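Structure assessment
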Amino acid sequence: RVELTRKGDIALYSAKTAGRGRFVMFVDAMDDTIRRRRVIEDELRAALVAGDQFELLYQRVFSAQSRQMCGVEALVRWRHPALGLVMPDTFIPVAEETGLIEPLGEWILARACADARRWPIETLAVNISAVQLRNPRFVDRVIRIVEESGFDPRRLELEITETSFLDNVQHCAANLAALRAHGIRIALDDFGTGYSSFNHLKLFDVDRLKIDRSFVNAIRAEGDKSPIIRAIVELAKASLIQVTAEGVETQEQEQFLTGAGCDMLQGYLLSRPLSAAAIDVMFHPVGHMDRH
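Residues numbered from 1 in each chain as written. Predicted model: local features only at pLDDT ≥ 70, side-chain atom pairs only at ≥ 80, totals over all residues. Heavy atoms only, no water.

Remarks on the overall build of the protein chain
In terms of helices and strands, the protein chain carries 13 helices and ten strands. Per-residue burial over the protein chain gives 46% buried out of 292 residues. Taking the intrachain contacts of the protein chain between residues at least 6 apart in sequence as the baseline, contacts between residues at least 24 apart amount to 65%. In the form shown here, the protein chain has an accessible surface area of approximately 15200 Å², with 52% of it arising from carbon and sulfur atoms. (Helix = DSSP H or I, 4+ residues; strand = E, 2+ residues; numbered from the N terminus. Buried < 20%, exposed > 50% of the residue type's maximum accessible area, 1.4 Å probe, protein only. Contact = heavy atoms within 4.5 Å. Areas by Shrake-Rupley, 256 points an atom, 1.4 Å probe, with all protein chains shown as cover.)

With respect to the confidence of the model for the protein chain
Taken as a whole, the protein chain shows an average pLDDT of 84; of its residues, 77% reach a score of 70 or greater. Ranking the helices and strands of the protein chain by mean pLDDT puts strand β9 (residues 264-265) first, with 98, and helix α1 (residues 2-18) last, with 52. (pLDDT = per-residue confidence, 0-100.)

Observations concerning helix α11 (residues 227-238)
Counted at 1.5 Å a residue, the expected span for α11 with its twelve residues is 16 Å, and the 16 Å between its end C-alpha atoms agrees. Looking at α11, one finds that the buried residues are Ile229, Ile232, Val233 and Ala236. Buried residues in α11, looked at end-on, bunch into an arc of 95°, giving them a common side. Across from the buried face of α11, at angles greater than 90 degrees, the exposed residues are Glu234 and Ala238. Packed against the buried residues of α11 are β6 (185-191), β7 (208-211), α10 (213-217), β8 (242-245) and α12 (251-260). Looking at the residues trailing α11, positive phi occurs at Leu240, about 60°. (Expected span 1.5 Å × (residues − 1). Arc of directions from axis to C-beta.)

Some remarks on the pairing of β8
When a strand is regular, its side chains alternate between the sheet's two faces. Pairing between β7 and β8: four bridges, direction parallel. Looking across to β8, one finds that Lys210 is bridged to Thr244. Bridge count for β8 against β9 is two bridges, and the pairing is parallel. Considered in β9, the bridge of Ala245 is made with Leu265. (Pairing = 2+ DSSP bridges.)

Quick look at the pairing of strand β2 (residues 69-80)
With ten of twelve residues buried, β2 lies mostly within the body of the structure. Note that strand β1 (residues 54-63) and β2 share nine bridges and pair antiparallel. What sits directly across from Phe62, in β2, is Met69. Connecting the antiparallel pair β1 and β2 is a turn made up of five residues, with Arg67 showing a positive phi of about 65°. The loop that links β2 with its antiparallel partner strand β3 (residues 84-86) comprises three residues.

Focus: the nonpolar core
Soluble globular proteins tend to pack their nonpolar side chains together in the buried interior. Ranked by internal contacts, the top residues of the largest apolar core, which has 73 residues, are Tyr58, Phe91, Leu124, Leu158 and Leu257. If you tally residues by element for this core, the top one is helix α4 (residues 101-116), at seven residues. Leaving out residues up to four positions away in the same chain, Leu257 has contacts with Val216, Ile219, Ile229, Ala245, Val248, Cys262 and Leu265. (Core = buried A, V, L, I, M, F, W, Y, C linked by side-chain atoms within 4.5 Å.)

Section: unusual backbone geometry
Positive phi is not limited to glycine here, since Arg67 has a value of about 65°. Following the sequence through the fold, Arg67 ends up in the loop between β1 and β2. By relative accessible area, Arg67 is classed as partly exposed at 30%. Even without glycine at this site, Leu240 takes up a positive phi of about 60°.

Structure representation (structure tokens):
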């Protein structure tokens, strides 16, 4: 009976993780998944205490029209001493479920602001979790970090996903309004993949839409030129919202997105993620060899 209850709980957890309005039957592989997640959680806690296993890379963002670099997006990486490089899609969900995303998120924001303060860029983009966004104390923590770093809040852009809104609309709306009152900009990430994208634009003031890479990947050199992207851009322009397309990997994508009216582009075609030291050299090359 205890074992049946345990397996039922695991199946319930799996169903909640996969999304709403569904059921899941227990299979033995779920046990292995739970064990792996527990290991990651334990190692993640130890890494936060150690303080030297996480690092930030920065993907450059470019103006679609001038092709000039205008900003960066901060991307966290975990350099585990035994497991090697652990990517965010492995540890971020665990961090969110255990509450560890809050200390990790604060570390990311503080480090990114400290790094970007040295660079003459328009925008530093930092991803924010739904767990952070619904915390009533979140705004105070962000403002404290920005003030302590000396970073101009008007250059900071916090990226949130549409699903962040669904858990606690009241707190999310209040926090977003308070952040914008301090000059911090808000970007809606993965736009078009959520439950009711257009309704969210009415409920929340955002400064930028980021077109999800799944739409960018669908752009082909011939045939249909993605009417969804054109519709998103037209909607954004009508609402005075800027548009960034992410995941740009081919010249065909770059040309189409520019022609469609996107303001900013980012992706491997333009730049792979770089270390803070590499970007330092780009802006302050004296005494260094520019390898990029």
